[in-house]
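# Analysis of the macromolecular model
If you want the building blocks of each chain, they are given just below.
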Amino acid sequence: MHEAPPTPSGASTPPSGAPMTPAEPLEHGLKQRHLTMLGLGGVIGAGLFVGSGAGIAVAGPAIVVSYLIAGALAMLVMRMLGEMSAAMPASGSFSVHAERALGRWAGFSVGWLYWFLLVVVLAVEATAAAQIAHGWVPAVEPWAWVLLFMVVFTAANLTAVKNFGEFEFWFASLKVGAIVVFLGLGVLAVLGWLPDTDPVGMTNLTGQGGFLPNGWGGVVSGVLTVVFAFGGLEVVTIAAAETDDPARAVGRAVRSAVVRILFFYVGSMLVIVTVLPWTAQQAGLSPYVKVLDSIGVPSAGQIMNIVVFVALLSALNANLYGSSRMVFSLAERGEAPRGLLKVSGGSPGKAGGVPRQAVLASVAFGFVSVLLNLLWPDTVFLYMLNSVGAVLLFVWALIAASQLRLRARLEREAPGALALRMWWFPYLTWLTLAGLLGVLVLMLTDADARPQVLWSAGATALVLLVAVGRQWREQRERTGSERERSEREGSEREGSTFTGR
């Protein structure tokens with residue numbers, strides 16, 4: 001195994017001093033540009049380009065505040081995760097940190113929950129991308145497109161990790177470029193500098209009920225709608241383990257990604273609600289298309305279809321990568337079948353490989369999820385989707401709890417490893433935990449979001465039960481072995497005494 005062995009209490013303790021983590025047996029083929037663009041592109045997806053319309057519909061122009069709140073929450077979580085990952089880079093990222101901070105039950109639980117989240121969401125992305133492609137080429141059935149996407153990205157993830165990095169780099173570049181162009185056109189439209197346009201001014205921010213047409217309750221509802229759009233940043237810290245200098249790479253990626261993503265998200269929303277009245281937006285329809293149509297951009301719908309299509313494929317690729325590395329890390333720590341440890345180009349102890357068995361295991365379950373989504377989208381798959389609906393918040397909460405424990409240990413044992421530090425520790429960490437709890441409570445009071453919390457809590461409870469059961473069984477076996485050894489040693493001593501007599 002490549003992680004530190006568990007202590008008798010069941011928690012892994014890293015050695016004192018830096019580096020805190022042994023070298024990963026995976027290929028170090030990702031460059032800084034890959035990691036930076038992965039951080040930028042990982043969360044810029046269909047949730048922003050299409051799903052933001054639902055947030056505007058409930059919050060009005062104040063959706064800007066909703067994005068600021070949700071973005072700040074995500075930024076704080078990423079800062080905590082960046083601190084731990086810079087000090088202890090590992091392919092399992094927050095799963096490894098949770099194990100070291102809270103015990104093996106925590107590492108097992110958060111690792112498997114996150115893996116399940118990725119492979120279920122992967123089905124949504126593959127199906128949505130297939131529907132767009134089917135619209136372009138009706139002769140090819142959606143299932144055939146899904147098969148093509150899965151095969152292509154499985155092949156990309158089975159080869160050198162730099163291929164994954166290149167895919168994500170160019171996917172993210174297109175998405176980031178599209179948002180930059182959109183922001184530029186939006187600003188020109190607001191100023192009235194585009195042909196056949198008049199200055200908009202602040203009319204749409206203050207009209208139709210004002211900036212807070214639905215009050216602060218609308219802002220809160222907007223937070224519940226948009227907070228999950230920030231999921232995906234975590235993959236940056238997973239990927240950092242496959243760079244030449246993980247500590248430096250993750251620090252730079254986290255610093256740049258959170259600020260730029262806040263700029264893209266909040267900036268986009270500000271442009272949208274300034275150019276058009278918020279009442280013109282509808283849930284399920286892209287507000288970007290409406291803005292581009294209003295300023296006279298030809299074929300705006302098709303342009304955004306292409307961008308959303310690329311965003312979905314990018315997320316699919318990133319989720320397949322993240323899920324394979326997470327289950328590989330679980331196998332390293334004895335929390336998943338050891339057969340998943342096999343890497344291309346050598347044994348698990350030889351650096352420079354790709355965890356092909358882990359990739360195939362993740363894509364296999366991804367195929368199952370896709371089939372369930374195609375066959376029973378409103379029953380079986382809906383239950384699966386609800387069961388991961390709030391898992392991201394549980395994962396973020398465990399990241400915060402882990403950082404509380406590990407920060408104190410790092411300051412005591414390896415202060416030099418803290419290359420990236422959480423701001424105003426521990427106050428902002430506690431504030432983040434309170435914010436996450438507040439979001440969960442608000443979701444319970446919302447009729448639409450409540451099933452997600454309840455189903456996700458049920459899935460989490462099941463995984464926790466398995467984790468605690470495994471740890472209890474291992475403790476029993478360890479106690480039994482120690483008792484047998486003690487009895488055997490006692491018998492040997494008695495035999496020696498008798499012989500000596």
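Predicted, not measured: the structure shown is a model, and the values here were computed from it.

### A closer look at the packing of helix α3 (residues 52-59) against helix α10 (residues 215-226)
Pairs of packed helices are described in terms of their axes, by the angle between the two and the distance that separates them. Between α3 and α10, the least distance of the axes is 8 Å, while the angle of their chain directions is 170 degrees. In terms of axis orientation, α3 runs roughly antiparallel to α10. You can see that α3 and α10 cross each other, and the crossing is right-handed. On α10, the residues that touch A54, G55, V58 and A59 of α3 are G218, V219, S221, G222 and T225. Looking at the contact of α3 with α10 residue by residue, the classes come out as 4 nonpolar, 5 polar and no charged.

### Observations regarding the nonpolar core
In terms of nonpolar packing, the biggest core is built from 156 residues, with F149 and W396 touching the most fellow members. When residues in this core are grouped by element, the largest group, 18 residues, is from helix α14 (residues 300-332). Setting aside residues no more than four positions away along its own chain, W396 makes contact with A74, V77, V227, F230, G231, E234 and L436.

### Brief notes about the environment of G209
Along the polypeptide, G209 turns up in the loop between α9 (203-206) and α10. Overall, G209 belongs to the exposed group, its relative accessible area being 61%. Between the alpha carbons of G209 and W278 there is a distance of 9.8 Å; along the sequence they are 69 residues apart.

### A few points about the packing of helix α4 (residues 63-87) against α10
Viewed as axis vectors pointing N to C, α4 and α10 meet at an angle of 50 degrees, and their least axial separation amounts to 8 Å. Of the possible angle classes, the one that applies to α4 and α10 is oblique. Both α4 and α10 take part in a crossing whose hand is right-handed. Only W216, G218, V219, G222, V223 and V226 of α10 make contact with α4, whose side of the interface consists of I63, V65, S66, Y67, I69 and A70. For the contact of α4 with α10, the class distribution of residues is 9 nonpolar, 3 polar and no charged.

### Description of the pattern of salt bridges
Two side chains carrying opposite charge are able to pair once their charged atoms lie near each other. Applying the stated criterion across every chain, the model contains 8 salt bridges. The salt bridge partner of R407 is E411, with a shortest N-O separation of 2.9 Å. With R407 and E411 both in helix α17 (residues 391-413) and 4 residues apart, the pair spans about one turn of that helix. With a relative accessible area of 6%, R407 lands in the buried category.

### Here we look at the confidence of the model for the protein
Summarising the model, the protein shows a mean pLDDT of 82, and 89% of its residues fall at 70 or more. Summarising per-element confidence for the protein, the mean pLDDT is lowest in helix α1 (residues 32-41) (75) and highest in helix α18 (residues 427-445) (93). Every residue in residues 1-13 is under pLDDT 50, and counting partners more than four places away or in other chains gives 37 contacts. Low pLDDT, under 50, characterises residues 15-22; the predicted model gives this stretch 19 contacts beyond four residues in sequence or across chains.

### Points about the environment of E168
The topology assignment puts E168 in helix α8 (residues 161-191). Looking at E168, the relative accessible area reads 1%, which means it is buried. The spatial distance from the C-alpha of E168 to the C-alpha of H34 is 7.2 Å, given a sequence separation of 134 residues. Discounting chain neighbours no more than four positions away, the residues touching E168 are L38, S314, N317 and A318.

### Quick look at the packing of aromatic side chains
Enumeration over the complete set of coordinates arrives at 19 aromatic pairs. On the numbers, 6.1 Å between centres and 70 degrees between planes, the contact of F116 with F365 is edge-to-face. A residue pair is termed long-range when its members are at least 10 positions apart, and F116 in helix α6 (residues 104-136) and F365 in helix α15 (residues 356-375) qualify at 249 residues. A relative accessible area of 27% places F365 in the partly exposed class. The interplanar angle of 65 degrees and the centroid separation of 5.1 Å between the aromatic rings of W136 and F309 together place this pair among those described as edge-to-face. Of this pair, W136 sits in helix α6 while F309 sits in helix α14, placing them 173 residues apart in sequence. For W136, a relative accessible area of 35% puts it in the partly exposed group.

Here is what the cut-offs are and how they apply
- Residues numbered from 1 in each chain as written.
- Predicted model: local features only at pLDDT ≥ 70, side-chain atom pairs only at ≥ 80, totals over all residues.
- Heavy atoms only, no water.
- Axes fitted to C-alpha atoms, helices over the stretch in contact; angles between N-to-C directions.
- Helix = DSSP H or I, 4+ residues; strand = E, 2+ residues; numbered from the N terminus.
- Parallel < 35°, antiparallel > 145°, perpendicular 65-115°, else oblique.
- Left-handed = near helix turned anticlockwise from the far one by under 90°.
- Contact = heavy atoms within 4.5 Å.
- Nonpolar A, V, L, I, M, F, W, Y, C, P; charged D, E, K, R; others polar.
- Core = buried A, V, L, I, M, F, W, Y, C linked by side-chain atoms within 4.5 Å.
- Buried < 20%, exposed > 50% of the residue type's maximum accessible area, 1.4 Å probe, protein only.
- Salt bridge = Lys/Arg side-chain N within 4 Å of Asp/Glu carboxyl O.
- pLDDT = per-residue confidence, 0-100.
- Phe/Tyr/Trp six-rings, centres within 6.5 Å; stacked < 30°, edge-to-face > 60°.

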